[in-house]
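# Topology and contacts: notes
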Amino acid sequence: MPESNWMMTMTIIALALIFDFINGFHDTANAIATSVATRVLSPAAAITMAAILNFLGAFISVKVAETIGAGLVPPESIPQTAIVAALLGAIIWNLITWYGGLPSSSSHALIGGLLGAAIAAAGSLAIVNWQGFFSKVLLWLVLSPCIGLLVGFCFMNLLNLLLKTWHPERVRRVFSKAQIISAALMAFNHGANDAQKSMGVITMALLSGGLIAQFEVPLWVKAACALAMAAGTSFGGWKIIKTVGLNMARLAPVNGFAAETGAAAVIFTATMFHAPVSTTHIISTSIMGVGAAKRLSSVRWIVAQEILMAWLLTIPITAMISGCIFYLIDLAMI
């Protein structure tokens, strides 16, 4: 391998791990916001648990990694500079939304970055596997938040029906314990889906650079991405935790349990379908559904509107950012 390709591959690996680290603290709120908001877990205990389970979840499958690394654009048909541009675009958008406390999707930031950089590199929309994009990304982009909302709403109503004869103190005591389990499930499934995205990008770079002969995620890549996400998770993302756990709806332990369990089930289902979903959107809409089960006014819909805007804008904005970065890199290398 030429030295320039080797250096570019190392750059991509470093950027992918930085993205994974940022994804960890950006999306920590997905797993622990409701547990912190209901005071079932202290912030330190919640973050520690989430970091460990994010790490373990990263090892259960590589199908989402295959969707990201080989299912959207052919890795052998794009230059490594396009992968660099994709990662930089996703990192920039994650930092912007983290600074603003807006729970946007790291997953869709990376997908938008890959699409924009690949199209800019090829000079054609044909470089994208649009069938894979529509079936594995766009379909789940629309469906998963809607399913999260519906599951949260229905599950909370079912719990209200089952627990209507219970004393409120008993409900609080039981679900203070049960919510620890639901938060653990959420953290594990977050690692299972989100860590795979960086695995896919690194494996794409290894294939594009000629370091591997076929798309197969090496064990060291799994371990590196799992560690990077766990490390990022350990730092926490307090602004987003506040938005998701405190600003969206008032939650009791039973509400947090319903939101986390419903969201974890949706994320697990998507992972089994090899779909790179937004854990942020799913837990956010699940919380909305749980809040709406009490009454519609219990959800702060202004916050929900901000999340919806980020949901709609993330892919096109990161695509444009990454496309522009690719052109700048291309000009600098002439």
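A brief look at the structure comes next. (Residues numbered from 1 in each chain as written. Predicted model: local features only at pLDDT ≥ 70, side-chain atom pairs only at ≥ 80, totals over all residues. Heavy atoms only, no water.)

### Section: the side chain of T203
Quick note on the threshold: In this text, helices come from DSSP runs of H or I with a minimum length of four residues, and strands from runs of E with a minimum of two, each type numbered from the N-terminal end. Partly exposed residues are those whose accessible area sits between 20% and 50% of the maximum for their type, while under 20% is buried and over 50% is exposed, using a 1.4 Å probe and protein chains only. Nitrogen and oxygen atoms within 3.5 Å of one another constitute a polar contact, given that in protein one can donate a hydrogen and the other can accept it, and given that sequence-neighbouring residues count only through two side-chain atoms. Throughout, a contact is declared for two residues whenever any of their heavy atoms are within 4.5 Å.
The topology assignment puts T203 in helix α8 (residues 168-208). We classify T203 as buried; its relative accessible area is 0%. Of the polar contacts made by the side chain of T203, one reaches the backbone oxygen of M199; its length is 2.8 Å. The residues contacting T203, other than those within four sequence positions of it, are I212, F215, E216, V217, P218 and V221.

### Observations concerning the packing of aromatic side chains
When we look at a pair of aromatic rings, we describe it by the centre distance and by the angle of the planes. We apply this condition: Here is the rule: rings of Phe, Tyr and Trp (six-membered ring for Trp) pair when centre to centre is within 6.5 Å. Planes less than 30 degrees apart are stacked, more than 60 are edge-to-face, and the remainder are tilted.
If you walk through the whole model with that rule in mind, you get eight aromatic pairs. Aromatic side chains W130 and F133 sit 5.6 Å apart centroid to centroid with 90° between the ring planes, which places their arrangement in the edge-to-face category. Of this pair, W130 and F133 both sit in helix α7 (residues 130-162), three residues apart, which is roughly one turn of the helix. Pairing F133 with F134 gives two aromatic rings, centres 5.6 Å apart and planes at 65°, and the pair type is edge-to-face. F134 sits in the partly exposed class, given a relative accessible area of 44%.

### Quick look at the nonpolar core
What counts, and what does not: Residues grouped as a nonpolar core are buried Ala, Val, Leu, Ile, Met, Phe, Trp, Tyr and Cys residues, joined through side-chain atoms within 4.5 Å.
Counting residues in each nonpolar core, the largest one holds 56 residues, and the members touching the most others are I12, I78, I83, L87, I111 and M199. Of all the secondary-structure elements, those providing two or more residues to this core are α1 (3-26), α4 (63-71), α5 (80-99), α6 (106-122), α7, α8, α9 (219-235) and α13 (301-332). Broken down by element, the residue count for this core peaks at nine residues, all from α5. Setting aside residues up to four positions removed in sequence, I78 forms contacts with V73, I83, A118, I127, M204 and S208.

### Concerning α7
Stated formally: What a helix is expected to span follows from its residue count: subtract one and scale by 1.5 Å. Two axes define the bend at a residue: one fitted to the seven residues ending there, one fitted to the seven starting there, and the bend is the angle between them.
For α7, spanning 33 residues, the distance from its first C-alpha to its last is 45 Å, which sits close to the expected 48 Å at 1.5 Å a residue. Of all the bends found along α7, the most pronounced is centred on W140 and spans about 45°. All buried positions along α7 are accounted for by G132, F133, V137, W140, L141, S144, P145, G148, G152, M156 and L159.

### A look at the environment of G113
Relative to the assigned elements, G113 resides in helix α6. Excluding its chain neighbours within four sequence positions, the residues that come into contact with G113 are A86, T318, A319 and S322.

### So, the packing of α5 against α8
Helix-helix packing: each pair is described by the crossing angle between the helix axes and the interaxial distance. Let me state the cut-off plainly: Helix axes are fitted to C-alpha atoms over the stretch in contact, other axes to C-alpha atoms as well, and angles between N-to-C directions run from 0 to 180 degrees. Working definition: roughly parallel below 35 degrees, roughly antiparallel above 145 degrees, roughly perpendicular at 65 to 115 degrees, and oblique for all remaining angles. Crossing chirality is assigned from the near helix's rotation relative to the far helix, an anticlockwise turn below a right angle marking it left-handed and a clockwise turn marking it right-handed. For this classification, Asp, Glu, Lys and Arg are treated as charged, while Ala, Val, Leu, Ile, Met, Phe, Trp, Tyr, Cys and Pro are nonpolar and the rest, including Gly, are polar.
Running from amino to carboxyl end, α5 crosses α8 at an angle of 165°, the nearest separation of the two axes being 10 Å. The orientation of α5 with respect to α8, classified from their angle, is roughly antiparallel. Seen along the crossing, α5 lies across α8 with a hand that is left-handed. Mapping the contact onto sequence places Q80, I83 and L87 in α5 and V201, M204, A205 and S208 in α8. Classifying every residue of the contact of α5 with α8 by side-chain character gives five nonpolar, two polar and no charged.

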